[in-house]
Amino acid sequence: MLLTNLSIATMVNGYSLIEKGAVLIEKGVIKSVGPDTPKGDAVDCGGRLLTPGLIDCHTHLVYGGNRASEFEQRLNGATYSDIARAGGGIMSTVRATRAASEAELLESALRRLESLLAEGVTTIEIKSGYGLDVETEMKMLRVARKLGNLRRVDVKTTFLGAHTFPQEFKENHEGYVSIVCDQALPRIVSENLADAVDAFCEGIAFSVEETKSVFKAARAFNLPVKLHAEQLSNLGGAKLASRFNALSVDHIEYLDEDGVESISKSGTVAVLLPGAFYYLREKQAPPVAALRKYKVPIAVATDLNPGSSPVHSLLATMNMACVLFGLTPEEALLGVTANAARALGLKDRGVLREGYRADVVVFDPDTVADMATYENPKQFPKGIDYVLVNGTVVIDKGQHTGARPGKVVYGPGKRSRVR
Ligand code: DI6
Ligand code: FE
């Protein structure tokens, strides 16, 4: 397949654009990217923008219940931490997720996933962390894996058993850390349910020492680690993460320059989550100037979750990263492509270059600034003309093609059917 007459954001060595380019795809892989050379058998893309498939590298897409009442409580003066300490917050979603069947979790997660896919997301990371017991954590991870079989999207899963301490272990932290490390993790590894391990290092969740135990256990199983760090306060989680060569530290509103310097040395990606900053009405923005100064790769993700970021749009999130954190549109695009791939440890995608996966998006907006402006797109859905995943066309002229793995039928006039 040859796509021609394109403006190509290759993202090779940072943001770079080929003004009039073409890309050749063969067997799911990019064969060549370069200047346009007119040929008969090509798809003329009318000068549109071609980017790597978008990567949402931090989500909590699988969960039960809803937390709208907490949004209301915060608007009446309660803080996110107050609500968590009173047994709401993450624990409220834990109760709903434990009560939900696997089929129910799958159904609700699919709806959220669809809205991301319609924007050109081709790889998504999904965390557990609303089970906080072995069975429910595994249930969440199985659902996440299944989503990748039901739709043309590559799903990477992350075990977040260390999201917070469940009610029954409030007074016995050691006991819960042991469940995470000695019971949940070995079973999750033996069933190949997780690609990485994450923790929430915060006053209302895991201390630095407790996080360290989880990281040690993860590394013993050869799983890479990531960390929710410095979201509400500066505990030094990012520094710990850098000592474990973490793939990423996420949120980092309260990260100081010292912390930025340490993650710059370990090659750890800074994942910014403007949806949570926006939704929780936070005041302290992440240290973007220091991240630039130390050349830390910056990624941007939705953090899609019911409590702090019920945001189902990666394009809107790019816009928030620009408006709230001052990223340029080019930085925002890097954040959902090349740097997002890095935050997941993926070396075969995120840039358009020979030998890489043919995950690409042709946008109706013609420039990166158009994308980040999030202006009303001309095409349905969401300004996407074409999406290719691994070389297979999954959106064609804005419409799903019905190219689905497995037994799910989806397309114009058809209802999706989940098995
Ligand atoms: N920080 C977050 O933004 C998510 N987890 C975390 O540690 C959301 C957690 C929630 O409120 O459900
Ligand atoms: Fe999160």
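Structure: above.
Residues numbered from 1 in each chain as written. Chains lettered and ligands numbered in written order. Predicted model: local features only at pLDDT ≥ 70, side-chain atom pairs only at ≥ 80, totals over all residues. Heavy atoms only, no water.

## Quick look at the coordination of the iron ion (ligand 2)
Coordination of the iron ion (ligand 2) by the protein comes from His58 (NE2), His60 (NE2), His228 (NE2) and Asp303 (OD), over a distance range of 2.1 to 2.3 Å. The site at the iron ion (ligand 2) holds 4 donor atoms, and with the angles between them running 82 to 167°, its shape is irregular. One chain supplies every donor to the iron ion (ligand 2), and in sequence these donors are spaced H-x1-H-x167-H-x74-D. Here His228 lies in strand E9 (residues 226-229) and His58 lies in the loop between strand E5 (54-56) and helix H1 (68-75), a separation of 170 residues in the sequence. A single burial state applies to His58 and to His228, both of which are buried. (Donors = N, O, S within 2.8 Å, 3.2 Å for Na, K, Ca; no water. Tetrahedral: all angles 85-135°; square planar, octahedral: opposite > 155°, others 65-115°. Helix = DSSP H or I, 4+ residues; strand = E, 2+ residues; numbered from the N terminus. Buried < 20%, exposed > 50% of the residue type's maximum accessible area, 1.4 Å probe, protein only.)

## A short note on the sheet that holds strand E8 (residues 196-201)
In any sheet, the strands associate via hydrogen bonds between backbone groups, in a parallel or an antiparallel arrangement. The 8 strands lie next to each other as E5-E6-E7-E8-E9-E10-E11-E12, forming an open sheet whose pairing is parallel. Strands with a single pairing partner mark the edges of an open sheet, and in this sheet they are E5 and strand E12 (298-300). Within this sheet the neighbouring strands show an average axis-to-axis angle of 25°, counted without direction. Summarising the sheet, strand E10 (residues 248-251) and strand E11 (residues 269-272) pair through 3 bridges and their orientation is parallel. The partner of Asp250 across the bridge, within E11, is Val271. (Pairing = 2+ DSSP bridges. Axes fitted to C-alpha atoms, helices over the stretch in contact; angles between N-to-C directions.)

## A short note on the packing of aromatic side chains
One pass over the full model with this rule turns up 8 aromatic pairs. Consider the rings of Phe165 and Phe206, whose centres lie 4.2 Å apart with planes at 10°: the pair is stacked. One end of the pair, Phe165, is in the loop between strand E7 (154-162) and helix H6 (173-190); the other, Phe206, is in the loop between E8 and helix H7 (208-220), with 41 residues separating them in the sequence. Each member of the pair, Phe165 as well as Phe206, carries the same accessibility label: buried. Taking the ring centre of Tyr63 as reference, the NZ or CZ of Arg112 above it sits at 3.6 Å. (Phe/Tyr/Trp six-rings, centres within 6.5 Å; stacked < 30°, edge-to-face > 60°. Lys NZ or Arg CZ within 6 Å of the ring centre and 35° of its normal.)

## What about the pattern of salt bridges?
All chains considered together, the criterion is met by 18 salt bridges. A salt bridge links Arg349 to Asp154, with the shortest nitrogen-to-oxygen separation between them at 2.7 Å. Residue Arg349 is found in the loop between helix H14 (338-343) and strand E13 (360-363), and its partner Asp154 is found in strand E7; the two are separated by 195 residues along the sequence. In this structure, the salt-bridge partner of Asp258 is Lys239, at a minimum N-O distance of 2.8 Å. Here the residue Asp258 occupies a position in helix H9 (residues 257-266), and Lys239 occupies one in helix H8 (residues 237-243), the gap between them amounting to 19 residues. Asp258 gets classed as partly exposed once you look at its relative accessible area, which sits at 43%. Judged by its relative accessible area of 34%, Lys239 falls in the partly exposed class. In the salt-bridge network here, residues are joined through shared partners; they are Asp154, Lys156, Asp348, Arg349, Arg357 and Asp359. (Salt bridge = Lys/Arg side-chain N within 4 Å of Asp/Glu carboxyl O.)

## Re the environment of Met1
As for its placement among the helices and strands, Met1 is situated in the segment before strand E1 (2-9). You can call Met1 partly exposed: its relative accessible area is 38%. Taking C-alpha positions, Met1 is 7.9 Å from Val43, a pair spaced 42 residues apart along the chain. Apart from residues no more than four positions distant in its own chain, Met1 is found in contact with Val23, Leu24, Ile25, Val43, Leu388 and Val393. (Contact = heavy atoms within 4.5 Å.)

## Observations concerning the layout of surface pockets
Considering only enclosed or pocket space, the largest pocket measures out at about 390 Å³ in volume. It is H14 that contributes the most residues to the lining of the largest pocket, 4 residues altogether. A per-class count over the lining of the largest pocket returns 11 nonpolar, 5 polar and 4 charged. (1 Å grid on protein atoms, 1.4 Å probe; cavity = no way out; pocket = protein on both sides within 12 Å on 5 of 7 lines; lining within 4 Å. Points joined across faces, edges and corners; volume = space filled by probe spheres on them. Nonpolar A, V, L, I, M, F, W, Y, C, P; charged D, E, K, R; others polar.)

## Observations regarding helix H3 (residues 90-99)
Given 3.6 residues per turn, any residue in an α-helix points the same way as the ones three and four places further on. Every buried residue of H3 is listed here: Ile90, Met91, Thr93, Val94 and Thr97. Relative to the axis of H3, the buried residues are bounded by an arc of 155° and lie together on one face. In this structure, the buried residues of H3 make contact with helix H2 (80-85), helix H4 (102-117), helix H5 (134-150) and E8. (Arc of directions from axis to C-beta.)

In short, shape yes, function no, at least from these values alone.
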